[in-house]
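Structural description and commentary
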Amino acid sequence: MTNKVYLVGAGPGDVELITLRGMNVVKNADVIVYDRLSNPKLLEYAKDSCEFVYVGKKANAHTMKQEDINQLLVDEAKLGKMVVRLKGGDPYVFGRGGEEGVILNDRGVEFEVVPGISSSIGGLAYAGIPITYRNIATSFHVFTGHFSNEDEEHPWEAISKLKGTLVFLMGMKNLEKIVCNLKSNGLDEGTPVAIVNWATRSNQRVVTGNLRDIVDVVKEENIKAPSLIVVGDVVDLREKLEFFEKRPLYGQKIVVTRARAQSSKLVDKLSNLGATVFEYPSIQIREIEDNENVEKAMDILDDYTHIVFTSINGVNIFFERLFDRGFDSRDLANSKLIAVGSATKRALRNYGLNADWMPENYDGDSLANGLREMLKSDHRVLIPRAKNGRADLIDSISEVCKADEVILYESVVDESNVSELNETIKKNDIDYITFTSSST
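Residues numbered from 1 in each chain as written. Predicted model: local features only at pLDDT ≥ 70, side-chain atom pairs only at ≥ 80, totals over all residues. Heavy atoms only, no water.

**What to know about the nonpolar core**
With 24 residues, the main nonpolar core has Phe-309, Phe-318, Phe-319, Leu-348 and Leu-382 as its most contacted residues. Every element with two or more residues in this core is listed here: α10 (292-299), β16 (306-309), α11 (312-324), β17 (336-339), α12 (342-349), β18 (380-386) and β19 (402-413). It is α11 that contributes the most residues to this core, five residues altogether. If sequence neighbours within four positions are ignored, Phe-318 has contacts with Met-298, Leu-301, Ile-307, Phe-309, Leu-332, Leu-382, Pro-384 and Leu-408. Listed in part, the 22 residues of the second largest apolar core include Leu-166, Leu-182, Val-193 and Ile-223. (Core = buried A, V, L, I, M, F, W, Y, C linked by side-chain atoms within 4.5 Å. Buried < 20%, exposed > 50% of the residue type's maximum accessible area, 1.4 Å probe, protein only. Helix = DSSP H or I, 4+ residues; strand = E, 2+ residues; numbered from the N terminus. Contact = heavy atoms within 4.5 Å.)

This is the structure in structure tokens:
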């Protein structure tokens, strides 16, 4: 996958709607050239060394001219790099992918097209509008909402006589013109119309009306680009087929403050429930290097009858140190493994180990009380955990037997997102801020 350009359709907006092939090339790219309509969260799947170039376009505001984008793709590929041109929707559906492919071919650069789900189909589906439906719309027609040459016009008389669903992409600037042309060429002004804004994303908005009133509805609801314009009787099926906006957290705006390394599952769950999630980690997990106590503990692993894990981070960093020493899970055969909470228990299972005991309540008091009941004076306990953990846990265990605490990591303030977080809170009507620990 080198010295080649991949023209990749990112789908209509929802990160999970990219194809498997598309995700694979994103993960291997040396350079990703992306536009405004491709979800920027896809960039998080790229390798650490990948370069990102934003070339987004909106009306009267082009970050980079198309000619310059073409040249960029050629230049990067000729440097021996694997280049991904990431486009919203499908590269060949009003995405200028064909133009880029022709230029690449003419310049002797190998390329491949990875199709994507077009917003004209996927975006409608998420709005509860089937682009075809038996006995209602047996065909569909997709049009650009604007031409590069302003004097160019669609054949409105012919379009107005079509019986299928009409979809206009990139047409919000010309919405009134589109509506007027359809009506003046004979399309009934009672024909249903829907506008789908930011289709398939958590901030998707849909308004409906008909050719008579849709312009006023859009003004009243302040709907802007990027939006799809859908004309046809299939719009009336939205009431029965709409599913996306019925999710329990749809429309809720939630800030997640958890450390980035652990936030992905929470973010995914909230997003799948319909929330718009703003991810601003307030802490970073910093591993403590060159800790003599850790090395000493590794030297006497056989002496420990119990090892107490109080967090996922503690489990992962402990096993990294274990493996670095050339040890593995077999070296813990003499120890009972204790986990505080189901998440820590699952982290142990990732290393092929089941916890021998877990307190019913996931807190320090329940842990300490349970350990005191099971420990004997000749036992020895190892507790790998974070800096500034509760001292009373060690004190409680030490009343029964010897306990060794080894500090593997610390939580430090992450200030990298402060200004952006402040702006987000100012600009958005935030509903919830989540805190998953005392540190956050």
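From this point, the narrative continues.
**Comments concerning unusual backbone geometry**
The amide bond that connects Ala-225 to the next residue, Pro-226, takes the cis arrangement and shows omega of 0 degrees. By the element assignment, Pro-226 lies in the loop between α7 (214-221) and β12 (227-231). One non-glycine residue, Asn-135, lies in the positive phi region at around 70 degrees. By secondary structure assignment, the location of Asn-135 is in the loop between α4 (119-126) and β8 (140-144). Asn-135 gets classed as exposed once you look at its relative accessible area, which sits at 73%. Even without glycine at this site, Met-170 takes up a positive phi of about 60 degrees. Along the chain, the position of Met-170 falls in the loop between β9 (165-169) and α6 (175-184). The exposure class assigned to Met-170 is partly exposed, which follows from its relative accessible area of 39%.

**A closer look at the pattern of salt bridges**
According to the stated counting rule, one finds 26 salt bridges in the structure shown. The closest approach of N and O atoms between Glu-76 and Lys-81, which form a salt bridge, is 3.0 Å. The pair formed by Glu-76 and Lys-81 is uniform in burial state, with each residue classed as buried. For Arg-321, the salt bridge is made with Glu-287, and the minimal N-O distance between the two is 3.0 Å. Here the residue Arg-321 occupies a position in helix α11, and Glu-287 occupies one in strand β15 (residues 283-287), the gap between them amounting to 34 residues. (Salt bridge = Lys/Arg side-chain N within 4 Å of Asp/Glu carboxyl O.)

**Some words on the packing of aromatic side chains**
Applying the stated criterion across every chain yields a total of 13 aromatic pairs. Ring geometry for Phe-309 against Phe-319: centres 6.3 Å apart, planes inclined by 20 degrees, an arrangement best described as stacked. Of this pair, Phe-309 sits in strand β16 while Phe-319 sits in helix α11, and the two are 10 residues apart along the sequence. Exposure class is identical for Phe-309 and Phe-319. Each is buried. On the basis of an interplanar angle of 50 degrees and a centroid distance of 6.0 Å, the ring pair of Phe-319 and Phe-323 is categorised as tilted. (Phe/Tyr/Trp six-rings, centres within 6.5 Å; stacked < 30°, edge-to-face > 60°.)

**With respect to a nonpolar patch on the surface**
Together, Val-93, Phe-94 and Met-170 make up an exposed nonpolar region whose accessible area comes to about 230 Å². If you trace the backbone, Val-93 turns up in the loop between β6 (82-87) and α3 (97-106). What makes Val-93 partly exposed here is its relative accessible area of 31%. (Patch = residues over 30% accessible without salt bridge, like charges linked within 9 Å, V, L, I, M, F, W, Y side chains within 5 Å. Areas by Shrake-Rupley, 256 points an atom, 1.4 Å probe, with all protein chains shown as cover.)

**Concerning α6**
Where α6 is concerned, the buried positions are Leu-175, Ile-178, Val-179, Asn-181 and Leu-182. Buried residues in α6, looked at end-on, bunch into an arc of 165 degrees, giving them a common side. In this structure, the buried side of α6 is in contact with α5 (156-160), β9, β10 (192-197), α7 and β12. Just past α6, the residue Gly-186 takes up positive phi, approximately 105 degrees. (Arc of directions from axis to C-beta.)

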